[in-house]
Structures are given as C-alpha cells and as structure tokens.
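What the coordinates show
The residues making up each chain are set out below.
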Amino acid sequence: MDGNAQDTPEEDALLVLTAAMLTPGGFPGVLGDDYPAACLRLGLEPLAGGYGLVFGQDSAGARWTVATTDAAMVACALAAWDCGLEYDLSPDESTMVASLPGWPLPVAVAAPGVPAPHDPDETAGAGPALAPPDTSVWGPQQRRLGADEIAIRWREWRDQIGSAAENTADADTSGDAPATKAPDAPAAPAAPESSHAPATRTGTATDTDVETPVPALSHDGVRRALESAEAYTREPPPPGRVRTTYGAVRADGPGWSLVARTDDMAFVLLDDAPGEVLPVGRGPALPPLLEALGRLATAEVRSG
C-alpha cells in the first residue's frame, strides 16, 4: 500500500502508508459528529466534494497527513488495497491543499527503511502536530468509535444480542441485563484502534409505542437520542450527521450515536452510559424512523 507523494513543507518525498476518506458521505467518525466538524478538526474547509487523507512519513520518519481534493483517486486506492491489489497513490501537487504534521488517527502500517514514526520538529513551522484522540476515557470520540465498530461488525453484534433484544420489542422492562464484553475491534490501517470496546447491555430499550414515530423506551437517554434522530427527518442536520457505513445507517448528535440496519434493529451509544451499547428492539415504531434516516443518508450522498 505504498506510494509516493510530495511533502510540501519540506519538498521531500512522502512514503504513503495508508489513506482515508473525508467526505460528507463518509469520514472517520472519531473526528466529529458530522462532516463540517471533522473538517474543522483538521483545519480544512468543508468542501462539497470532500477530501482524501493520505498518511505517510518523510525520509526522516516524520509523520505527515496530506489532504487532497482528488477524493476519487484516494477512493480508488482504498478499493484496490481492500482487494489486495497494489495502487500507487500519488496525488498531484495541484490537488494537495494541506500538509499537516502528525496523524489524526492511528496508523498500523510500518514504513520500511525509514526511522521510527515521530512528529515533525516544531521548527518546521507547520503548527502543532495532529495526534490520535485519547480513547482511554469514555467520551464523544470513544462513543463514535464504538458505533463505527458496530457498523463494521454488524453481524457479530447482531448474533450476540440474538433473541434477547427481540424479546424486549413487545413488553417494557425495568432494570437492565448484565453487561457483556464486546468483541475486539478489528485491526485496520488508519482506523482508530480501541482497547476499551463498549460492553453490551440487553433488555434496556423497549419498543411499545404505535402512535408516535419514536419508540417508547425505558432508558431516557435512548429516548432522547431517537427523538433527536427523528427531528433530523424533519429538519436535515449538517452534512454527514446521518450517513451509511458498511451497509448500516449511522447517525450522531450531541451525546449520542446510533447504528442500525433499516431492516433490523438499532444500537445506541451514549456519553452518559460509559462503555455500554443499548439495543432498541424493532417493534412497530422503529422501522419508519430507520427508513426515513436511510432515505436522508441516500439523498445526502446523491446531492454530494
């Protein structure tokens, strides 16, 4: 997955390690609740066409993140790498809008023949170095990271819940089932790696309301999250706040994240429920909400 690019600050070749997309339809969720917030994290203008992020090292081993407006090239590179094919990712200098010191995400790929990764010397004048977020303490970044992980490994999570969550769809419950340890996060280049995967709590969220588009739930935080998600269908949120990821619908808001399949159930993660994943049984009220969120995500991709 190596290629060559130009490192603008020092006019030095950049050994490309991996890359990521930063577009309204897809971006590392750990960077923000929506696309403009993710761009702000990197000091970039939220262009409609988005960016590709290229992570690499210069000849001295310093970490650099290059933002290119040639998002299509980066998408092609990622698709080729996913298939085990080689792809020389070399963005044209005319498309490179920023060379940022450091990496905003963990990068698991090692560069051969160069010194160990380190932040550029501050005397380079490129500003403070980017660094992966601290996910050792539960908070918004870890919450979004957990939701992204569930989207990637949906079937494992769904199988773990099994019939326990379905049994809560027609009857309200008081109290919570014991939390269980989540499956380990998959190793992926340029993807946040978590050593604190959220635990699963079953039997918390129940769906009984047939009069409103938001399920009746025993957990106030989940109820607020679904009410906020429902509000998005009436007044569209900032770009990227609702999107599709690995076939799942992803939605985020202040203090909450939702991941779901439109033909199945949903999972909610909350800032005020550290390390827990709260399942929402399908029932009669959830499907219309998920379908509306799915249409919103699809319309956003088309408009982008």
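What comes next is a walk through the structure. (Residues numbered from 1 in each chain as written. Predicted model: local features only at pLDDT ≥ 70, side-chain atom pairs only at ≥ 80, totals over all residues. Heavy atoms only, no water.)

With that out of the way, let us pick up the overall build of the protein. Scanning the protein for helices and strands turns up 7 helices and 11 strands. Look at the contacts in the protein between residues 6 or more apart in sequence, and 67% of them connect residues 24 or more apart. Total accessible area computed for the protein in this model is approximately 13000 Å², and 53% of it derives from carbon and sulfur atoms. (Helix = DSSP H or I, 4+ residues; strand = E, 2+ residues; numbered from the N terminus. Contact = heavy atoms within 4.5 Å. Areas by Shrake-Rupley, 256 points an atom, 1.4 Å probe, with all protein chains shown as cover.)

In this section: the packing of aromatic side chains. On inspection of all chains with the given rule, the structure shows 3 aromatic pairs. By the ring-pair criterion, three or more aromatic residues cluster together here, those being Trp154, Trp157 and Phe267. Geometry around Trp103 places Arg63 over its ring, the cationic atom sitting 5.4 Å from the centre. Lying across the ring of Phe27, Arg243 places its NZ or CZ 4.3 Å from the centre. (Phe/Tyr/Trp six-rings, centres within 6.5 Å; stacked < 30°, edge-to-face > 60°. Lys NZ or Arg CZ within 6 Å of the ring centre and 35° of its normal.)

Turning our eyes to something else, we now look at helix α2 (residues 71–82). Taking 1.5 Å of rise per residue, the 12 residues of α2 would be expected to cover 16 Å, and the 16 Å separating its terminal C-alpha atoms lies within 8% of that figure. Within α2, the full set of buried residues consists of Ala71, Val74, Ala77, Leu78, Ala80 and Trp81. Of the residues trailing α2, Gly84 is marked for its positive phi of about 80 degrees. (Expected span 1.5 Å × (residues − 1). Buried < 20%, exposed > 50% of the residue type's maximum accessible area, 1.4 Å probe, protein only.)

What follows deals with unusual backbone geometry. Even without a glycine there, the phi angle at Tyr246 is positive, about 50 degrees. With respect to the helices, strands and loops of the structure, Tyr246 is situated in the loop between β7 (242–245) and β8 (248–253). The exposure class assigned to Tyr246 is exposed, which follows from its relative accessible area of 59%.

Now for the environment of Ala129. Along the polypeptide, Ala129 turns up in the loop between β5 (96–101) and α3 (140–152). Overall, the relative accessible area of 33% leaves Ala129 in the partly exposed class. Sequence separation of Ala129 and Leu100 is 29 residues, and the distance between their C-alpha atoms is 7.3 Å.

Our focus in this paragraph is the environment of Pro238. Along the chain, the position of Pro238 falls in the loop between α6 (220–234) and β7. Placed 205 residues apart in sequence, Pro238 and Asp33 show a C-alpha to C-alpha distance of 9.2 Å.

With that settled, the discussion passes to the pairing of strand β9 (residues 256–260). Buried residues dominate β9, accounting for 5 of its 5 residues. Of the two faces of β9, the one lined by Trp256, Leu258 and Ala260 and the one lined by Ser257 and Val259 are each fully buried. Hairpin geometry of β8 and β9 is characterised by an intervening segment of 2 residues between the two adjacent antiparallel strands and by a positive phi of about 90 degrees at Gly255. Pairing between β9 and strand β10 (residues 266–270): 5 bridges, direction antiparallel. Its bridge partner lying in β10, Leu258 is registered against Val268. Joining the antiparallel neighbours β9 and β10 is a turn of 5 residues. (Pairing = 2+ DSSP bridges.)

Judged by how many residues are buried, β8 sits mostly within the fold: 6 of 6 residues are covered. For β7 and β8, the ladder comprises 4 bridges, and the chain directions are antiparallel. Bridge assignment links Val242 to a residue of β8, and that residue is Ala251. Connecting β7 to the antiparallel partner β8 that follows it, the hairpin turn spans 2 residues, and Tyr246 within it adopts a positive phi of roughly 50 degrees.

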